[in-house]
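Chain by chain, the residues run as shown.
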Amino acid sequence: MKHSTHNIKIAILVVSLLIIIGGHTLTQAQDTPPPTILVIDNFDYTDPAGFKWELGVSQGGSANLLLDAQVIPPDSGNLQSLIVETIVPCVAGSARFQYLQLALPGRFTPELNVLEFWIRGDGQTGAPFAAEFTITLIEGSGEIWKSSRLVNRSSTWKLITINLTGQGTGDPFDHSGDFIIPTASAPKAVNQVLDVADIRLIRMESLTTNTWACGTASRAGGQSYPSFKIWIDQIVARQTEVVRINDFDRAQSLEDLSIETQATAGGTITPQLDNTTFAPTPKNVQSLQVQTNVPCIQDGNRDAVLEFRIPQAQRDWRNSRFLELWIRGDGATTPAVGGKLTVSLVEDSGEIWSSIRRVSPHDEWRKITISLSGNQVDNPRNHPLDFVMALGASDRSVNGVLDLDNIKLLRIGVASTNGWACGTAIRAEGNQYPNFTLWIDDITRR
Ligand SMILES: [Ca+2]
Ligand SMILES: [Ca+2]
Ligand SMILES: [Ca+2]
Ligand SMILES: [Ca+2]
């Protein structure tokens, strides 16, 4: 495998970089982005001078930056990705940090509403198991906005989409889906609103946590792990357009909705239109109430499901990044309190992708957002914010990636949790809380 390499060993702060392209031949990048996309960096340069990011790193730290023409995300016309390996040791009495910073190649326009990029780990096992990854946006006003997450060492490429929205101050790790002014940067706050058209600089940081790097994590056995290596690619800002899947407003009767229902043995699911309660969205007049009664079954996978068949002309979801819907609970204060909501997408290929979240019995409308991305087999309960293939559905796997070019069905499962229904919750006994009611409204993708 050939890499273009340049090793950086520096002691303090910002330097400009030179990337030395290796011996392999490169051709001109193919992307001619539509006007709604601003490519921040795709790392597909034919000229090493294309690399404009500046490195900042704390005392004693360094970074290896490599362009990689072999390991690239599944994105058409893509030529290269960037490997970022950071080595940032602990130095007593000084803060650890590392970042790559870029002046934006063009002005952000206000209609750009998501930032996205591909990321992947090195596929190795062992400590450190994860690192902190942060995207920072800095406004011309000086306001600093961050969105943080932990990334693991999985060698599977993952598409990360972050809403270009932000308000107030807080912890960036609570804002992996949008941006927040970190509490420590609050003195630089101006209006505490992310003004997209005022963004001037972007930073990305990948750093093992202090507990790993400084050798205090219990499993690190006192050893320190200052290094972490990631691949990153195709950093873009884009506009996503809202497409209605179902708002339940135009239906006169259930027949107009052409919903199919299914429940596991002994269960019932009863949807009905409700024009007395609906989500607080413009011109809204009606929602769908879903009453379920689903007793326990032997293997435990009890569920009651609404199935929305997507019309042929609306099955290409490739320009969308999120599925959004509004939900409202029944406000129950006695068991079973709350339930689970399962959202599944069925590809025309037959692959089924699911996301499960616990739903509290709140009786206020809430909007939930699920990222339209998925590329692994896992328990959907671990994925309220994106999609995975459940183990039980993996026998239908075709290519193991959520493909958005032909989404045939949307399934929504509503049920009380097994813990209540099957009597395993502390206060429950036996099979006694099979009922759960949820209101659903305004299902969209964007
Ligand atoms: Ca690329
Ligand atoms: Ca602002
Ligand atoms: Ca509605
Ligand atoms: Ca697929």
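I will try to describe carefully the structure that is included in this document. (Residues numbered from 1 in each chain as written. Chains lettered and ligands numbered in written order. Predicted model: local features only at pLDDT ≥ 70, side-chain atom pairs only at ≥ 80, totals over all residues. Heavy atoms only, no water.)

Some remarks on the overall build of the protein chain
Now for step 1: Secondary structure summary: the protein chain contains three helices and 25 strands in total.
Now for step 2: For 446 residues, the compact-globule formula gives about 22 Å, and the C-alpha radius of gyration of the protein chain, at 24 Å, lands near that figure.
Now for step 3: Reported as C-alpha extents along the three principal axes, the dimensions of the protein chain are approximately 65 × 50 × 50 Å.
Now for step 4: Per-residue burial over the protein chain gives 52% buried out of 446 residues. (Helix = DSSP H or I, 4+ residues; strand = E, 2+ residues; numbered from the N terminus. Rg over C-alpha atoms; globule rule 2.2 N^0.38 Å. Buried < 20%, exposed > 50% of the residue type's maximum accessible area, 1.4 Å probe, protein only.)

Focus on the environment of E111
Now for step 1: The topology assignment puts E111 in the loop between β6 (98–103) and β7 (114–120).
Now for step 2: Overall, the relative accessible area of 39% leaves E111 in the partly exposed class.
Now for step 3: The spatial distance from the C-alpha of E111 to the C-alpha of E241 is 9.8 Å, given a sequence separation of 130 residues.

Focus on the pattern of salt bridges
Now for step 1: Scanning the entire structure with this criterion turns up 12 salt bridges.
Now for step 2: Notably, a salt bridge pairs K158 with D386, separated by 3.0 Å at the nearest N-O pair. With a gap of 228 residues between them, K158 in strand β10 (residues 158–163) and D386 in the loop between β23 (366–371) and β24 (407–415) connect regions that are remote in the sequence.
Now for step 3: Judged by relative accessible area, K158 falls into the partly exposed class, the value being 32%. (Salt bridge = Lys/Arg side-chain N within 4 Å of Asp/Glu carboxyl O.)

Some words on the coordination of the calcium ion (ligand 4)
Tetrahedral coordination by four donors sets the ideal angle at the metal to 109.5 degrees; octahedral coordination by six donors sets it to 90 or 180 degrees.
Now for step 1: Within the protein, E347 (OE), E347 (OE), E351 (OE), N399 (OD1), V401 (O) and D403 (OD) serve as the donor atoms for the calcium ion (ligand 4), at 2.3 to 2.6 Å.
Now for step 2: Counting gaps between the donor residues of the calcium ion (ligand 4) yields the pattern E-x3-E-x47-N-x1-V-x1-D. With E347 in strand β21 (residues 339–347) and N399 in the loop between β23 and β24, this pair connects stretches of sequence that are 52 residues apart.
Now for step 3: A relative accessible area of 4% means that E347 is categorised as buried.
Now for step 4: A residue is classified by how much of its surface remains accessible, and N399, at 42% relative accessible area, is partly exposed. (Donors = N, O, S within 2.8 Å, 3.2 Å for Na, K, Ca; no water.)

What about unusual backbone geometry?
Negative phi values dominate among residues other than glycine, just as trans dominates among peptide bonds.
Now for step 1: In this model, A127 is joined to P128 through a cis peptide bond whose omega is -5°.
Now for step 2: The residue P128 is located in the loop between β7 and β8 (130–139) in this model.
Now for step 3: Cis geometry is found at the peptide bond from P335 to A336, where omega equals -5°.
Now for step 4: Along the polypeptide, A336 turns up in the loop between β20 (322–328) and β21.
Now for step 5: Phi is positive for S258, which is not a glycine, with a value near 40°.
Now for step 6: By secondary structure assignment, the location of S258 is in the loop between α2 (254–257) and β16 (259–263).

Observations regarding the coordination of the calcium ion (ligand 2)
Now for step 1: Donor atoms from the polypeptide that coordinate the calcium ion (ligand 2) comprise E139 (OE), E139 (OE), E143 (OE), N191 (OD1), V193 (O) and D195 (OD), at 2.3 to 2.6 Å from the metal.
Now for step 2: Of note is the calcium ion (ligand 2), whose six donor atoms meet at the metal with angles of 51 to 168° in an arrangement that counts as irregular.
Now for step 3: Under the relative-accessibility criterion, E143 is labelled buried at 0%. (Tetrahedral: all angles 85-135°; square planar, octahedral: opposite > 155°, others 65-115°.)

A few points about the state of the cysteines
Now for step 1: Tallying each qualifying case throughout the model produces two disulfides.
Now for step 2: The residue that forms a disulfide with C90 is C214, at a sulfur-sulfur distance of 1.8 Å. Handedness here is read from the sign of the S-S torsion; for C90 and C214, about -95°, the answer is left-handed. Of this pair, C90 sits in the loop between β5 (81–87) and β6 while C214 sits in the loop between α1 (210–213) and β14 (227–238), placing them 124 residues apart in sequence.
Now for step 3: Residue class for C90 comes out partly exposed when judged on its relative accessible area of 33%.
Now for step 4: C296 shares a disulfide with C422; S-S distance 2.0 Å. Taking the torsion about the sulfur-sulfur bond, which here is approximately -120°, the covalent link between C296 and C422 counts as left-handed. Remark: C422 occurs in the loop between α3 (418–421) and β25 (435–445) and C296 occurs in the loop between β18 (287–293) and β19 (304–309); sequence separation between them is 126 residues. (Disulfide = S-S within 2.5 Å.)

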